[in-house]
Amino acid sequence: MIISGKELSAKMKAAMAEEVATFPAKYGRVPHLAVILVGDNPASVSYVTGKAKASAEVGIHNSTIRREATITEEELLALIAELNADEGVDGILVQLPLPKHISEEKVIAAIDVRKDVDGFHPSNVAALWQKQPCTLPCTPKGIIRMLQTAGVEIAGKEAVVIGRSNIVGLPVSKLLLDQNATVTIAHSRTKNLAEVTRRAEILVVAIGRPKFVTADMVSEGAVVIDVGVNRDPETGKLCGDVDFAAIEPKASVITPVPGGVGPMTITCLMENTIECFKAKFE
Ligand code: GUN
């Protein structure tokens, strides 16, 4: 079975659009998501465009604020302070990565935690690891949603996550653990990686290397979630971290690239924006 993140996203966005349409009468306005894009990294431009498009579909007001790559850290922090103070802004997202002269850590920590739609703020991260209510990071949230929608039983399963980033690897591992999976986090220094990944009943791959996971690394019947977004060096087309053509016949469930995890990330961002908006009125 191939899980279409695109189809699931379309359903979720349609349901959210219906809910958001009731907000002007209920709350006097719709949610407002502010997205900051520094520089012109093509992947970041494409992600930010996708976020604006999804906002329009759901009825969320989106402002994309673009700044030159030469912006100083001080100037960026001042912009965030302005958005924090703006009562009409419900969500703030700073597209990563940032230019090297700017501390991502400082920038993320400067965002008002109540407007942290990415779930990257240290208070949200701490809350996640303490099983407290929090804004969940969008990609991990989308992955769990896809597994649940596909009817994949997580409890008691051997889950292997390749990648240990703050954005995906670490939080998705924690969410899988919270669903009672037995979780192994593998990474670039893992020895005998194929041996480890063959144990996986659920394999989540987030390392950012085209077609890194080959058929010999996956067991028959595994559930394979591909978080990668890469250019295939041979064809120039988008491809995942998983060799889809070789693994799809072996996997019981697999996500495609494009049209898998990517759309779910953006859809969960819409959900998070609505949650931050509604929390203001509680
Ligand atoms: N860069 C890659 N993924 C993400 C994400 O989920 N949020 C932000 N802000 N930047 C990213």
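Model, not experiment: these values are computed from the prediction.

Some details on the site of the ligand
Lining the immediate surroundings of the ligand are L93, V94, Q95, L96, D118 and F120. V94 is positioned such that a nitrogen or oxygen atom in its backbone is 2.8 Å from a nitrogen atom of the ligand. Take L96: an N or O atom from its main chain is 3.0 Å from a nitrogen atom of the ligand. Taken together, the residues of the shell around the ligand sort by class into four nonpolar, one polar and one charged.

So, the pairing of strand β1 (residues 32-38)
Two faces belong to every sheet, and in a regular strand the side chains alternate between them. The element β1 is largely enclosed, with a buried count of seven among its seven residues. Because side chains alternate across β1, one face comprises the buried residues H32, A34, I36 and V38, and the other comprises L33, V35 and L37, equally buried. Direction of pairing for β1 relative to strand β2 (residues 61-67): parallel, over a ladder of seven bridges. Bridging across to β2, L33 finds its partner in N62. Following the backbone out of β1, through helix α3 (residues 42-58) and into the adjacent parallel β2, one traces a crossover that is right-handed.

Quick look at the pairing of strand β7 (residues 223-226)
Burial along β7 is two-sided: the residues V223 and I225 and V224 and D226 are all buried. Two elements, strand β6 (residues 202-205) and β7, share four bridges in a ladder whose sense is parallel. In the sheet register, V205 faces β7, and the bridge partner there is D226. Two strands pair when backbone bridges link them, and β7 and strand β10 (residues 253-254) are joined in this way by two bridges, in the parallel orientation. Looking at the pairing, V224 lines up with I254 of β10.

What to know about α3
An α-helix turns once every 3.6 residues. As a result, residues three or four positions apart point the same way. Taking 1.5 Å of rise per residue, the 17 residues of α3 would be expected to cover 24 Å, and the 25 Å separating its terminal C-alpha atoms lies within 8% of that figure. Burial in α3 covers these residues: S44, V48, K51, A54, S55 and V58. Down the axis, α3 shows its buried residues gathered within 120° of arc, on one side only. When the buried face of α3 is taken as reference, the exposed residues oriented beyond 90 degrees from it are P42, K53 and A56.

Examining unusual backbone geometry
Across the junction of L96 and P97, the peptide omega takes the value 0°, indicating a cis bond. Locating P97 in the fold gives a position in the loop between β3 (91-94) and α5 (104-110). In this chain, V257 is followed by P258 through a cis amide linkage whose omega measures 0°. Take P258: it is sitting in the loop between β10 and α11 (261-280). Of note in this structure, N192 is not a glycine but carries a positive phi near 50°.

Calculation criteria
- Residues numbered from 1 in each chain as written.
- Predicted model: local features only at pLDDT ≥ 70, side-chain atom pairs only at ≥ 80, totals over all residues.
- Heavy atoms only, no water.
- Near = heavy atom within 4 Å.
- Polar contact = N/O pair within 3.5 Å; in protein donor to acceptor, adjacent residues only side chain to side chain.
- Nonpolar A, V, L, I, M, F, W, Y, C, P; charged D, E, K, R; others polar.
- Buried < 20%, exposed > 50% of the residue type's maximum accessible area, 1.4 Å probe, protein only.
- Helix = DSSP H or I, 4+ residues; strand = E, 2+ residues; numbered from the N terminus.
- Pairing = 2+ DSSP bridges.
- Right-handed = clockwise from strand over helix to strand, strands pointing away.
- Expected span 1.5 Å × (residues − 1).
- Arc of directions from axis to C-beta.

Everything listed is a geometric property; what it means functionally is a separate question.
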